[in-house]
Amino acid sequence: MSEDLTGRFVVALDLDGVTDKAGLMDRAARALSLPDWFGRNWDALADSLSDPSVWPQEAQGRGLLVVVRGWEGYAKERPQEWETAQAVFTQAMSVAPALTVALALGGTS
């Protein structure tokens, strides 16, 4: 099974140096240009990722590809939180077919 990601708006979610959930939420809010009312919790992240109306304007009508990079340190430091983050990404993609979250391997550069 293959998916055509051509044309989707790409956002890099760089987690390099992130060591806790608060850091992940801050980076996600910044990378995705989430509104000030973003709740910075797992439910709010899932809702924001699966709701195209709060995606960056450039993603409207095109779809969104979120590339998560620099995640390895966070995954090692907070494995349970990382499992939750992955579950949130997966759940959001199942709700919003125009969303793809991809994990970049091999560093942040």
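One can find the structure itself at the top, above this paragraph.
Since this is a predicted model, take the numbers as computed values, not measurements.

What counts, and where the lines are drawn
Residues numbered from 1 in each chain as written. Predicted model: local features only at pLDDT ≥ 70, side-chain atom pairs only at ≥ 80, totals over all residues. Heavy atoms only, no water. Helix = DSSP H or I, 4+ residues; strand = E, 2+ residues; numbered from the N terminus. Rg over C-alpha atoms; globule rule 2.2 N^0.38 Å. Buried < 20%, exposed > 50% of the residue type's maximum accessible area, 1.4 Å probe, protein only. Areas by Shrake-Rupley, 256 points an atom, 1.4 Å probe, with all protein chains shown as cover. Lys, Arg positive; Asp, Glu negative; His and termini not counted. Charge placed at Lys NZ, Arg CZ, Asp CG, Glu CD. Salt bridge = Lys/Arg side-chain N within 4 Å of Asp/Glu carboxyl O. Axes fitted to C-alpha atoms, helices over the stretch in contact; angles between N-to-C directions. Parallel < 35°, antiparallel > 145°, perpendicular 65-115°, else oblique. Left-handed = near helix turned anticlockwise from the far one by under 90°. Contact = heavy atoms within 4.5 Å.

## Here's the deal with the overall build of the protein chain
The number of helices and strands found in the protein chain is four helices and three strands. When the helices and strands of the protein chain are placed in sequence order, the string is β-α-α-β-α-α-β. Computed over its C-alpha atoms, the radius of gyration of the protein chain comes to 13 Å, within 12% of the 13 Å expected for a compact globule of 109 residues. Principal-axis analysis of the C-alpha atoms gives the protein chain an extent of 35 × 35 × 25 Å. Split into buried and exposed, the 109 residues of the protein chain put 41% on the buried side. Carbon and sulfur atoms make up 49% of the accessible area of the protein chain, which amounts to about 6,200 Å² in all. Computing the positive centroid from 9 side-chain charges and the negative centroid from 15, the protein chain places the two 4 Å apart.

## Some thoughts on the pattern of salt bridges
Counted under the stated rule, the structure contains two salt bridges. For D26, the salt bridge identified is with R40, shortest N-O distance 2.8 Å. Separated by 14 residues along the polypeptide, D26 in helix α1 (residues 21–31) and R40 in the loop between α1 and α2 (42–49) bring together distant segments of the chain. You can call D26 partly exposed: its relative accessible area is 33%.

## Observations regarding α1
Every buried residue of α1 is accounted for by G23, L24, M25, A28 and A29. Once α1 finishes, S33 follows within two positions and takes phi at roughly 50°, a positive value.

## Section: the packing of α2 against helix α4 (residues 79–95)
As a packed pair, α2 and α4 sit with axes 8 Å apart at the nearest point and diverge in direction by 30°. Judged by the inter-axis angle, α2 sits roughly parallel to α4. Crossing of α2 over α4 shows right-handed handedness. Residues W42, L45, A46 and L49 of α2 form the contact with α4, whose own contacting residues are E81, T84, A85, V88, F89, Q91 and A92.

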